Amino acid sequence: MLRWILSCFLAMSVLLTSCTNAGGVSASASPTASESQSATASPTANSKPTAIATIPTSPKPSANPENSLEAALARFVQLKGSATVELKLKSGTVKIELDGVNAPVTAGNFADLVKRGLYNGLTFHRVVKDPTPFVAQGGDPLGDGTGNFTDPVTSQPRYIPLEILPDGAKQPIYGEILPPTQKPKLRHNKGAIAMARSQSPNSASSQFYLALDDIYFLDGSYAVFGYVTEGMELVEKIQVGDRIESITITKGEENLKQPA
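In this report, the structure presented in the accompanying data block is examined. (Residues numbered from 1 in each chain as written. Predicted model: local features only at pLDDT ≥ 70, side-chain atom pairs only at ≥ 80, totals over all residues. Heavy atoms only, no water.)

### Side note on the overall build of the protein
Selection rule: Only DSSP runs of H or I with at least four residues qualify as helices, and only runs of E with at least two residues qualify as strands; both kinds are numbered from the N terminus onward. Whether two residues are in contact is decided by their heavy atoms, any of which lying within 4.5 Å being enough. To measure how exposed things are, a 1.4 Å probe is used in the Shrake-Rupley method; for residues, cover is taken only from the protein chains shown.
When helices and strands are counted, the protein shows four helices and 14 strands. The long-range share in the protein, meaning contacts at least 24 apart out of those at least 6 apart in sequence, stands at 70%. Of the roughly 11,900 Å² of accessible surface on the protein, 53% is carried by carbon and sulfur atoms.

Dropping the structure here:
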């Protein structure tokens, strides 16, 4: 137990250092129960994820509130089903299964960026293994933990809402961190892939992280959208500065749906 507490404390210390140096939003030094320790990517100080402000986190009563949410989500790329991607490292190939059934917006955003070739050639800028395995984080176009994906059509950063499906629920909750009493359907098991973000729930863009161990204290605060199915031993060897040679969709690309 003492080792686990120390691990969480040191992980948070790394977060505060990296975010402060980047000039971005940092995690709280004294997180509450709903603001658990985090693997965050810090957008630049002037990054304002206003694009997702219209997502109804708690829709007002209407004749069909599900249609209201569906219409809001239609503005985002979605993965309507599963997809397999291959992450090629210098040490070999890692296969990852994306779960668009339980995280359609989050998985869709990642798959779309993969299809665009955004991740090819980028590095893992943050890897935490001591005192216990934590995360390997990459996907930053700037390579320093402050970058996001800029949509070439709008010339603006593209952000997605926090998307978490509570265990037993029929549809995800958007823009809200789950209370400690609720567990997500997709948990931070070893090998999970999830989106990094700043302190704002709706600030995920392109940065992602791979869980190097079971890190359940992040459950409900960060959006898991898939799992490593082959090559976890390669993920465990990732070091800071290691390059993503390529990420490609090898199965399920037909399930990727562009905004209406």
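### Quick look at the packing of aromatic side chains
Let me state the cut-off plainly: Between rings of Phe, Tyr and Trp, where Trp is taken as its six-membered ring, a pair exists when centres lie within 6.5 Å; planes separated by under 30 degrees are stacked, by over 60 edge-to-face, and by other angles tilted. Whether a residue is buried, partly exposed or exposed follows from its accessible area with a 1.4 Å probe, protein chains only, as a fraction of its type maximum: under 20%, in between, or over 50%, in that order.
By the definition in use, this model includes seven aromatic pairs. Arranged with centres 5.9 Å apart and planes meeting at 10°, the rings of F134 and F217 form a pair that is stacked. Note that F134 is positioned in the loop between strand 4 (124-128) and strand 5 (135-138) and F217 in the loop between strand 11 (208-211) and strand 12 (224-230), a separation of 83 residues in sequence. With a relative accessible area of 3%, F134 lands in the buried category. On the accessibility criterion, F217 (15% relative accessible area) is buried. Taking the centre distance of 6.4 Å and the plane angle of 75° together, the rings of Y209 and Y222 count as edge-to-face. With a gap of 13 residues between them, Y209 in strand 11 and Y222 in the loop between strand 11 and strand 12 connect regions that are remote in the sequence. Judged by its relative accessible area of 5%, Y222 is buried.

### Focus: helix 3 (residues 104-116)
For the record, the criterion: Here, expected helix span is obtained from the residue count minus one, scaled by 1.5 Å.
Compared with the 18 Å implied by 1.5 Å per residue over 13 residues, the 18 Å span of helix 3 between its first and last C-alpha is a close match. Positive phi appears at G117, one or two residues downstream of helix 3, with a value of about 80°.

### Digging into the nonpolar core
Generally speaking, nonpolar side chains in soluble globular proteins are found buried as a group. Keep this limit in mind: In these notes, a set of buried Ala, Val, Leu, Ile, Met, Phe, Trp, Tyr and Cys residues joined through side-chain atoms within 4.5 Å is what counts as a nonpolar core.
Counting residues in hydrophobic clusters, the biggest one holds 57 residues, and the most contacted among them are L98, F110, F124, F208 and L210. In terms of residues, this core owes the most to one element, helix 3, which gives six residues.

### Observations regarding the pairing of strand 5
Stated formally: We call two strands paired when DSSP finds no fewer than two bridges between them.
Burial along strand 5 is two-sided: V135 and Q137 and A136 and G138, pointing in opposite directions, are all buried. What sits between the antiparallel neighbours strand 4 and strand 5 is a turn of six residues. Pairing of strand 5 with strand 11, which is carried by four bridges, proceeds in the antiparallel orientation. Note on strand 11: the bridge partner recorded for Q137 is Y209.

### Description of unusual backbone geometry
With omega at 5°, the peptide bond leading from D130 into P131 counts as cis. Examined against the element boundaries, P131 turns out to sit in the loop between strand 4 and strand 5. At S155, a position not held by glycine, the phi torsion is positive, near 60°. Its place among the elements puts S155 in the loop between strand 6 (150-151) and strand 7 (156-157).

So yeah, pure geometry; function would need other evidence.
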